[in-house]
Amino acid sequence: MSEVRGLATAGLTKAFGGVVALDGATVEFQHGKVNALIGPNGSGKTTFFNCVTGMIRPDGGQVTYSGRDITGAAPHRIVHAGVGRTFQLCRVFPRMTALDNVLAAVRPAGLTGLLRGARARAEVDRARSWLTRLGIEHLADVEARNMSWGQQKLLELAGVLMSDPETVLLDEPAGGVNPALLDRIGTLVRELNAEGRTFVVVEHNMDLVMSVSDHIVVFDRGRPIAEGPPSLIRSDERVLGAYLGV
Ligand code: ADP
């Protein structure tokens, strides 16, 4: 059992039919830091996130959070353990307002009309303050489907932050986002990290990865092949080989 603080895996394996997606992936993320998980398409990053967050059960190996075995636990238990995540294809309720989306993230039936009393008001205040923090408070009463893609991503993140996760997994936060919002996402990650949150970011945008990360783990064929700070990863031959075939 890992005694590492925060998120770690040992020998994680997962195959889909004959396709090996994870091939004994042993990873220790740096707790309290911004970690990036990079690698070519098909290298197992999404499968890794799905195993770690309880979306799919690994065939073998272990997932631990600060020494606690969370392998195969249900997604809500993993959230309860302190790990939140966003999705590559952004999961928001398109016909609900931004405010209701954020509330629904902590209360599945959490439409504002169903909430009562001081606790409910406190939750609404907290939801509004996350919208403000992410710069989308002016959209509180707008349905998610009428928000831009980048705004929807920020909205999804606001929902994740409602459960106050110690560790946040971001699945391609920059994908399809315009450059102005991209800067905001980078700044937010650094700010939230300075306040004590750990991040693990799967991302293809290397400018964002290099500017935001303290520690980079590189996947190839279902397992890590290199790890280190951006300065080291930038010039690692194995990384260049995995990406460029050189
Ligand atoms: P990445 O996120 O790095 O692009 P994935 O985890 O999506 O990698 O995929 C790793 C490998 O597993 C790929 O070969 C992919 O085709 C395969 N794979 C992923 N999910 C499934 C699935 N649900 N069914 C079959 N094959 C899958």
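An unreviewed UniProt entry lists the protein chain under the name Branched-chain amino acid transport system ATP-binding protein, with Micromonospora echinospora as the source organism.

(A) Quick look at the packing of helix α5 (residues 149-162) against helix α6 (residues 179-194). Following both chains from N to C, one finds α5 and α6 inclined at 15°, their axes separated by 10 Å at the closest point. It follows that α5 is roughly parallel to α6 by the angle criterion. Along this stretch, α5 crosses α6, giving a crossing that reads as left-handed. Each of G150, Q151, L154 and L161 in α5 lies in contact with α6, whose residues at this interface are L181, R184, I185, L188 and L192.

(B) How the structure looks around the side chain of T167. Structurally, the position occupied by T167 is in strand β7 (residues 167-171). According to the relative accessible area criterion, T167 is buried, its value standing at 1%. For T167, the side chain forms a polar contact with the side chain of Y65, separated by 2.7 Å.

(C) Region of the structure containing unusual backbone geometry. Positive phi is not limited to glycine here, since S66 has a value of about 45°. Summarising the element assignment, S66 is placed in the loop between β4 (60-65) and β5 (68-69). A relative accessible area of 39% means that S66 is categorised as partly exposed.

(D) The arrangement of the environment of K14 in detail. You can see K14 is positioned in strand β1 (residues 7-16). Between the alpha carbons of K14 and G60 there is a distance of 7.0 Å; along the sequence they are 46 residues apart. Residues within four places of K14 in sequence aside, it is in contact with V19, V20, A21, L22, T47, C51, I56, R57, P58 and D59. One polar contact links the side chain of K14 to the main-chain carbonyl oxygen of R57, over a distance of 3.2 Å.

(E) Quick peek at the sheet that holds strand β9 (residues 215-220). Taking strand neighbours across the sheet as the criterion, the six strands line up as β6-β7-β8-β3-β9-β10 in an open arrangement whose pairing is mixed. Both edges of this open sheet fall to β6 (83-85) and β10 (223-228), since each of them pairs with a single strand only. When the angles between neighbouring strand axes are averaged without regard to direction, this sheet yields 20°. Along the sheet, helix α1 (residues 45-52) makes contact with β3 (34-38), β6, β7, β8 (198-202) and β9, crossing β7 at roughly 145°. Contacts from α5 reach β6 and β7, with the element oriented near 160° to β7.

(F) How the structure looks around the site of the ligand. As a structural note, the neighbourhood of the ligand is formed by F16, V19, A21, P40, N41, G42, S43, G44, K45, T46 and T47. Contact between the ligand and S43: an oxygen atom at 3.1 Å from a main-chain N or O atom of the residue. Contact distances for the ligand include 2.6 Å between an oxygen atom and a side-chain N or O atom of T47. For the ligand, the protein covers 59% of the area, taking 560 Å² as the surface of the free molecule. For the shell around the ligand, the secondary-structure elements that each account for two or more residues are β2 (19-28) and α1. In terms of residue count, the dominant contributor to the shell around the ligand is α1 (three residues).

(G) How the structure looks around the sheet that holds β5. Spatially, the four strands line up as an open sheet ordered β2-β1-β4-β5, and their pairing is antiparallel. With one partner strand each, in any of the chains shown, β2 and β5 form the two edges of the open sheet. With respect to the sheet, α1 is in contact with β1, β2 and β4, its orientation differing from that of β1 by roughly 115°.

(H) Spotlight on the pattern of salt bridges. For the structure on display, the rule yields nine salt bridges. R223 serves as the salt-bridge partner of D23, at 3.5 Å between the closest nitrogen and oxygen. Here D23 is found in strand β2, whereas its partner R223 is found in strand β10, with 200 residues between them in sequence. For D23, a relative accessible area of 33% gives the class partly exposed. In this structure, D171 and R85 form a salt bridge, with 3.4 Å as the shortest nitrogen-oxygen distance. One end of the pair, D171, is in strand β7; the other, R85, is in strand β6, with 86 residues separating them in the sequence. For D171, a relative accessible area of 3% translates into the label buried. Taken together, the shared-partner salt bridges connect R133, E191 and E195 into one network.

Definitions and cut-offs
- Residues numbered from 1 in each chain as written.
- Predicted model: local features only at pLDDT ≥ 70, side-chain atom pairs only at ≥ 80, totals over all residues.
- Heavy atoms only, no water.
- Axes fitted to C-alpha atoms, helices over the stretch in contact; angles between N-to-C directions.
- Helix = DSSP H or I, 4+ residues; strand = E, 2+ residues; numbered from the N terminus.
- Parallel < 35°, antiparallel > 145°, perpendicular 65-115°, else oblique.
- Left-handed = near helix turned anticlockwise from the far one by under 90°.
- Contact = heavy atoms within 4.5 Å.
- Buried < 20%, exposed > 50% of the residue type's maximum accessible area, 1.4 Å probe, protein only.
- Polar contact = N/O pair within 3.5 Å; in protein donor to acceptor, adjacent residues only side chain to side chain.
- Pairing = 2+ DSSP bridges.
- Near = heavy atom within 4 Å.
- Areas by Shrake-Rupley, 256 points an atom, 1.4 Å probe, with all protein chains shown as cover.
- Salt bridge = Lys/Arg side-chain N within 4 Å of Asp/Glu carboxyl O.

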